[in-house]
Amino acid sequence: MAEFFLEIFSEEIPARMQAEAAAELMRRMVAQLALLDPQDARVWYGPRRLAFAARIGSATAASDEDVRGPRVSAPGPALDGFLRKNAASRDDLVQEGEFYYLRRAIAPVTAAAVIGGAAFAASLAALPWPKSMRWGGSGAFSWVRPLRGVVCLLDGAVVPVVLGPVASGDQTEGHRFMAPGAFTVTSAAQWQADLQARYVIVDADERRRMIGEGLLAAAGEKGLSIVEDAGLLDEVTGLVEYPVVLIGAIEPSQMALPPEVRELSMKVNQRYFATRDAAGQPAPFFAFVANIAADDGGAAIIAGNERVLRARLADAEHFWNLDRQQALEDYLPRLQSVVFHAKLGTQLERAERIAGLAGRIAEALGADADHVQLAVQAGRLCKVDLVTGMVGEFPELQGIMGGYYADDPAVGAAISTHYQPKGPTDGVPEGEVACAVALADKIDTLREFFRIGETPTGSGDPYALRRAALGVIRIILENGLRVRLRALLENDAVFDFIIERLRVKLRGEGKRFDVLNAILAAADDDDLVRIAQRAEALERFIATETGDRLLQAYRRGANILRIEEAKDGPYQTEVIPDRFDGSNGAEAKLNERLNQIAQGFNVFAQENGFDFVLNELETLHAPVETFFNEVTVNAADPAVRRNRLRLLAKLRDVMHRVADFSKLEG
Amino acid sequence: MVHCENAFPYVKIHQHGFKHASMADTNDTPIASALSFQDIILTLHRFWARQGCVILQPYDMEMGAGTFHPATTLRALGGEPWRAAYVQPSRRPSDGRYGENPNRLQHYYQYQVIIKPSPADAQDLLLASYRAIGLDPKRHDFRFVEDDWESPTLGAWGLGWEIWCDGMEVGQFTYFQQVGGIAVDLPSFEMTYGLERLAMYVQGVENVYSLRFNDAPAGQGVTYGDVFLRAEREYSAHNFEFADTDMLIRHFGDAERECAALVGRGLALPAYDYCIKASHLFNLLDARRVISVAERASYIGRVRTLAKACAEAWVAGEAA
């Protein structure tokens, strides 16, 4: 085995692209080297370099290939032509079946030839980037940023490969500032070790670990904890070759800003980590990661970063103070000049719609008059912060700022949470006022975009309607809200859309596909909480022995019905007790049980009704089994036969009020 | 995925009359040993002159950024090598704050460098230029942070970075890929320094008006505020309150027509002047908030159409 090593050295690669590029490099290299049986393949990535190493065979294995020639029955000139074309003689031929075959040996290809081959270079050059560019001297070749060097070694010897304007060699560079200048690479291990000595940590996981530990240690020294942020940690890992964690102080007066404002500016603009004190409260310090161990211990770097943050936060303070010079209500008329969507009018019109809807939802949730009023007010004001200075500057703070700027705390809380949940890990609003406003916002969005035909397509959902629907579902389920959704929506297409998202969500949580189909195909239920409970209960029920036996009995009845209905047409469910066979009473008992259960279904609409219903169904399997054991459905007397089929139709009907058992599998 | 709310432009409101809290109580004294504002410019001139750049003077028209200077926009096109550096006053009418915000100006200076084709050592040159004005990369934390540059009005884009020094953006570095809707033949290296911000960092001041403009005996020095504070106040009032919008709309139409007419005669440079004019008139109208969201896109499209026509005329003239 030989060691293959490749390093692609370039100007700074955007952090967000590095990991995927490395994964793609791995796929391409392993594919190109497949015939050399690559072992221990590894990739490294960072701001200035992508690298790959593997142990590979010194050459591809020798092998044979059979080239099919003419048919044995073909005229002579055909065979002569084939032999001439392949520079072979008749002795080289073998006959298999109706054809001649020419067995040809494929000579081994050395590893250097594979790596130096055109296919290998082409595969590297075609490594995809989200955006790539040309530069002076690159000609038509493009890369994510200018390429500056390629190290390509087989057991330490350079294999010539040309990537755009760059030819491979054995030279690379260490840290841009701490260890400038080139050095010679001989192996992957030496490369990694020498780079470490030259202040480059090439392993991204190692850098991430160093940063994580550095953050903990630096914060710990001051008795602080770090607000964890995995996305930020990943990004910072891609911005440095040599991470040095430092702590800076926040101007005490700027701690009066809302923490969301401060921390957004810190994260988005500066890539700083926020800190908390021992009590879990925002602390007047930030942590950040420099790319250099400076000769003054980082004093100038810390001072500089503190100054930058002071200026950033001074800008935020400006808007914070200015925005609060007026009441939030006073900004409302300005929504008139903000277009929500060309076909959907202004934000003011939208606010009025949300206000009305929020009031109706609050009523449906059983809120008292005062709380309904609060929901209306919060609905009307929930978009107002879009015209404040702070949200103009930091659109991500929409909602949050309205929450701070509102006078009434309940209104403020409802505004600040009305965009939630913004993603799978985000929480949902709580309380009837906040839920009403958040639901109204999402329902209005769904209804309006459906109205103008802007519904999601297979891949495109530019207005995030799936997320809005999922938001509706999560708010309802996680708060256990009992609302008749169809009535609130007044739009069947939106209702169906939400039910479809509910199906996807419950499937994602591991609910059985067939159970969901059975529940959703049955009663026309629009209480999402109950639908979820029914799915849960049914899944439990059919896993029990009783449930399974009832399901088997149901299937037997449904099969008979299906066959007979194919001949006779659908059967009604009214049975005539006089036609029951009096000798064993099986029909009468089944019928009586079904009548009782149907009556019991009146509690169906109430709390926990479904468990009750399933308990009732549990009592059904015995009379059904007795029926099948003791009664012949297809009796000779047509009237008796018809009556028995009607009894089965009645059984099916009763059970389908719970769920469409025909959809269940297994 | 685009969040619904963010998909729509918000209306940015321009407010004034608010005294910035931290302005009064900051002891904002420039570091004595740091270069003055004008010495930073002179140093950059010397630095880039040594790299073979022609040192041009500012273009004599109002423009939003140094990129608009024909020495960058038009010279980035075609197959001729080109190296230039210059200071360009940049006007952003919407960014005016009546002289009351320590970080925002409606008129500021950009230092602009263009080298075509981009040299292999562009990053090193750039870092050396920072060293020349007193920012030592061994002591500060210099970073190249992804920044895709795009100018919708110029029909131009490029890839590059923001240059960060200790978390502060001290410049923009772009490899031009397209200008005036035309893919460039020879990609240029373009560097833009925001001079005020850079000088504030070098001098260690937190208010732009505290910048030391020149070096002079005690008591005779001039600050940035001495030179520009009154202008910021007056232009902010002009940009936001008093610019005659009917006249501006009229002038926009005139400039648009004149540009098209000159392009028709193959006079790329005079035509491009009117494109620059139209762009600035649009910026003024935008600051006066008389352009609706829908109109805004249309105005930008109209300027882009002019820029493309000028770029095509320029390339045609070079080839002739």
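Residues numbered from 1 in each chain as written. Chains lettered and ligands numbered in written order. Predicted model: local features only at pLDDT ≥ 70, side-chain atom pairs only at ≥ 80, totals over all residues. Heavy atoms only, no water.

Caption draft 1: A look at the overall build of chain A. If you tally the helices and strands in chain A, you get 25 helices and 18 strands. Taken over C-alpha atoms, the radius of gyration comes to 36 Å for chain A, far larger than the 26 Å a tight globule of 666 residues would show. On the principal axes, the C-alpha backbone points of chain A span a range of 100 × 100 × 50 Å. Burial status across chain A gives 53% buried among its 666 residues. The long-range share in chain A, meaning contacts at least 24 apart out of those at least 6 apart in sequence, stands at 68%. In the form shown here, chain A has an accessible surface area of approximately 28100 Å², with 51% of it arising from carbon and sulfur atoms. Once the 74 positive and 93 negative side-chain charges of chain A are each reduced to a mean point, those two points are 5 Å apart. (Helix = DSSP H or I, 4+ residues; strand = E, 2+ residues; numbered from the N terminus. Rg over C-alpha atoms; globule rule 2.2 N^0.38 Å. Buried < 20%, exposed > 50% of the residue type's maximum accessible area, 1.4 Å probe, protein only. Contact = heavy atoms within 4.5 Å. Areas by Shrake-Rupley, 256 points an atom, 1.4 Å probe, with all protein chains shown as cover. Lys, Arg positive; Asp, Glu negative; His and termini not counted. Charge placed at Lys NZ, Arg CZ, Asp CG, Glu CD.)

Caption draft 2: A look at the packing of helix H18 (residues 492-508) of chain A against helix H19 (residues 513-521) of chain A. Residue and element names in this part refer to chain A. As a packed pair, H18 and H19 sit with axes 10 Å apart at the nearest point and diverge in direction by 150 degrees. In terms of orientation, H18 lies roughly antiparallel with respect to H19. As for how H18 packs across H19, the hand of that crossing is right-handed. Contact residues: H18 offers Ile499, Arg503, Leu506 and Arg507, while H19 offers Phe513, Leu516, Asn517 and Leu520. Looking at the contact of H18 with H19 residue by residue, the classes come out as five nonpolar, one polar and two charged. (Axes fitted to C-alpha atoms, helices over the stretch in contact; angles between N-to-C directions. Parallel < 35°, antiparallel > 145°, perpendicular 65-115°, else oblique. Left-handed = near helix turned anticlockwise from the far one by under 90°. Nonpolar A, V, L, I, M, F, W, Y, C, P; charged D, E, K, R; others polar.)

Caption draft 3: Inspection of helix H4 (residues 122-132) of chain B at higher detail. Here H4 of chain B has its buried residues at Ala122, Gln123, Leu125, Leu126, Leu127, Ser129 and Tyr130 of chain B. Gly134 of chain B occupies a position one or two residues after H4 of chain B and carries a positive phi of about 105 degrees.

Caption draft 4: Region of the structure containing the sheet that holds strand E13 (residues 225-226) of chain A. Residue and element names in this part refer to chain A. Sheet architecture is open: four strands sit in the order E13-E15-E16-E14, paired in antiparallel fashion. The open sheet is flanked by E13 and strand E14 (244-249), the only strands paired with a single partner. With six bridges connecting them, E14 and strand E16 (residues 282-290) associate as antiparallel partners. Among the inter-strand pairings, Gly248 is bridged to a residue of E16, identified as Phe286. Strands in contact with helix H6 (residues 204-221) are E13, E14, strand E15 (273-276) and E16; relative to E14, the strand with the most contacts, it is inclined by about 35 degrees. Each of E14 and E16 is contacted by helix H9 (residues 299-323), which is oriented at about 125 degrees to E16, the strand it contacts most. (Pairing = 2+ DSSP bridges.)

Caption draft 5: How the structure looks around the interface of chain B and chain A. At the interface, 57 residues of chain B touch 71 residues of chain A. Of the roughly 5500 Å² buried where chain B meets chain A, counting both sides, 51% is carbon and sulfur surface. In this assembly, chain B and chain A are joined by nine salt bridges. A salt bridge links Asp148 of chain B to Lys131 of chain A; its shortest N-O distance comes to 3.2 Å. In this structure, the connection of chain B to chain A is made through 24 residue pairs in polar contact (both at pLDDT 80 or more). Listing elements by their share of the side of chain B that touches chain A, those giving two or more residues are H4, strand E4 (142-151), strand E5 (156-165), strand E6 (168-179) and helix H5 (195-203) of chain B. Top contributing element to the side of chain B that touches chain A by residue count: E4 of chain B, with seven residues. The residue makeup of the side of chain B that touches chain A, split by class, is 29 nonpolar, 14 polar and 14 charged. (Buried area = accessible area lost by both parts, 1.4 Å probe. Salt bridge = Lys/Arg side-chain N within 4 Å of Asp/Glu carboxyl O. Polar contact = N/O pair within 3.5 Å; in protein donor to acceptor, adjacent residues only side chain to side chain.)

Caption draft 6: Representation of the sheet that holds strand E3 (residues 49-56) of chain A. Residue and element names in this part refer to chain A. One open sheet holds the five strands; their spatial order is E2-E3-E1-E7-E8, and the pairing between them is antiparallel. If you trace the sheet from one side to the other, it starts and ends with strand E2 (39-45) and strand E8 (157-158), each paired once. Direction of pairing for strand E1 (residues 2-10) relative to strand E7 (residues 147-154): antiparallel, over a ladder of seven bridges. Opposite Phe9, over in E7, you have Gly149 as the bridge partner. Here helix H5 (residues 188-197) sits on the sheet in contact with E1, E2 and E3, set at roughly 40 degrees to E1.

Caption draft 7: Fine view of unusual backbone geometry. Backbone torsion omega between Gln420 of chain A and Pro421 of chain A reads -5 degrees, so that peptide bond is classified as cis. With respect to the element layout, Pro421 of chain A can be found in the loop between helix H14 (409-416) and helix H15 (432-451). Of the consecutive residues Lys116 of chain B and Pro117 of chain B, the connecting peptide bond is found in the cis state with omega at -5 degrees. Tracing the backbone shows Pro117 of chain B in the loop between strand E3 (107-116) and H4. Positive phi outside glycine occurs at Asp40 of chain A, with the angle close to 50 degrees. Mapped onto the secondary structure, Asp40 of chain A falls in strand E2. Within the chain, Tyr98 of chain B stands out as a residue other than glycine whose phi angle is a positive 55 degrees. Structurally, Tyr98 of chain B is set in the loop between strand E2 (82-91) and E3. Classification of Tyr98 of chain B by relative accessible area gives buried; the value is 10%.

Caption draft 8: Fine view of the pattern of salt bridges. All names here are of chain A. Enumeration over the complete set of coordinates arrives at 62 salt bridges over all chains. As a salt-bridge pair, Arg310 and Glu251 come within 3.9 Å of each other at their nearest N and O atoms. Pair noted here: Arg310 is in helix H9 and Glu251 is in the loop between E14 and helix H8 (259-270), with a separation of 59 residues, a long-range link. On the basis of relative accessibility, which here comes to 23%, the residue Arg310 falls in the partly exposed class. Asp492 is the partner of Arg486 in a salt bridge, and the nearest nitrogen-oxygen pair spans 2.9 Å. Connected through salt bridges with shared partners, the residues Glu7, Arg48, Arg49, Glu173 and Glu241 form a single ionic network.

Caption draft 9: Focus on the packing of aromatic side chains. On inspection of all chains with the given rule, the structure shows 41 aromatic pairs over all chains. The rings of Phe47, Trp48, Phe144, Trp161, Phe173, Tyr175 and Phe189 of chain B are connected pair by pair, giving a single aromatic cluster. For Arg198 of chain A, the ring lying beneath its charged end belongs to Phe183 of chain A, and the centroid distance is 4.1 Å. The ring of Tyr274 of chain B has Lys277 of chain B sitting right over it, with the charged end atom 5.7 Å from the ring centre. (Phe/Tyr/Trp six-rings, centres within 6.5 Å; stacked < 30°, edge-to-face > 60°. Lys NZ or Arg CZ within 6 Å of the ring centre and 35° of its normal.)

Caption draft 10: Spotlight on the nonpolar core. Core analysis: the largest hydrophobic core is formed by 229 residues, its most contacted members being Phe4 and Leu538 of chain A together with Trp48 and Tyr130 of chain B. Looking at this core element by element, the count peaks at twelve residues for H15 of chain A. Leaving out residues up to four positions away in the same chain, Tyr130 of chain B has contacts with Leu135, Phe142, Ile163, Val170, Gly171, Met191, Tyr193 and Leu198 of chain B. (Core = buried A, V, L, I, M, F, W, Y, C linked by side-chain atoms within 4.5 Å.)

Caption draft 11: Just the domain arrangement of chain A, in detail. Residues and elements named next belong to chain A. You can read the domains of chain A as domain 1 (2-59 + 112-197), domain 2 (63-106), domain 3 (204-323), domain 4 (328-539) and domain 5 (544-663). The distance between the C-alpha centroids of domain 3 and domain 4 comes to 34 Å. Each partner contributes to the interface: domain 3 provides 14 residues, whereas domain 4 provides twelve residues. When the area that domain 3 buries against domain 4 is broken down by residue, the three leading residues are Leu264, Phe319 and Asp323, summing to 46%. Applying the counting rule to domain 3 against domain 4 returns zero salt bridges. Counting only elements with at least two residues in the side of domain 3 that touches domain 4, the list comes to H8 and H9. (Domains from an automatic or database assignment.)

Caption draft 12: Examining the side chain of Asn214 of chain B more closely. All names here are of chain B. As for its position among the elements, Asn214 is in the loop between H5 and helix H6 (224-242). Residue Asn214 is classed as buried on the basis of its relative accessible area, which comes to 17%. A distance of 3.0 Å separates the side chain of Asn214 from the backbone nitrogen of Val222, its partner in a polar contact. Not counting the four nearest positions on each side in its chain, Asn214 is found in contact with Ser36, Gln38, Gly221 and Val222.

Caption draft 13: Spotlight on the pairing of E2 of chain A. Residue and element names in this part refer to chain A. By the bridge criterion, five bridges tie E2 to E3 in an arrangement that is antiparallel. Residue pairing for E3: Tyr45 is matched across the bridge by Leu50. Remark: three residues form the turn of the hairpin made by E2 and E3, two consecutive strands paired antiparallel.

Caption draft 14: View of the environment of Glu169 of chain B. Residue and element names in this part refer to chain B. Within the secondary structure layout, Glu169 lies in strand E6. Residue classification places Glu169 among the partly exposed positions, given a relative accessible area of 22%. Placed 41 residues apart in sequence, Glu169 and Ser210 show a C-alpha to C-alpha distance of 19 Å. Sequence-distant contacts of Glu169, that is, excluding residues within four places in its chain, are made with Glu162, Ile163, Trp164 and Arg197.

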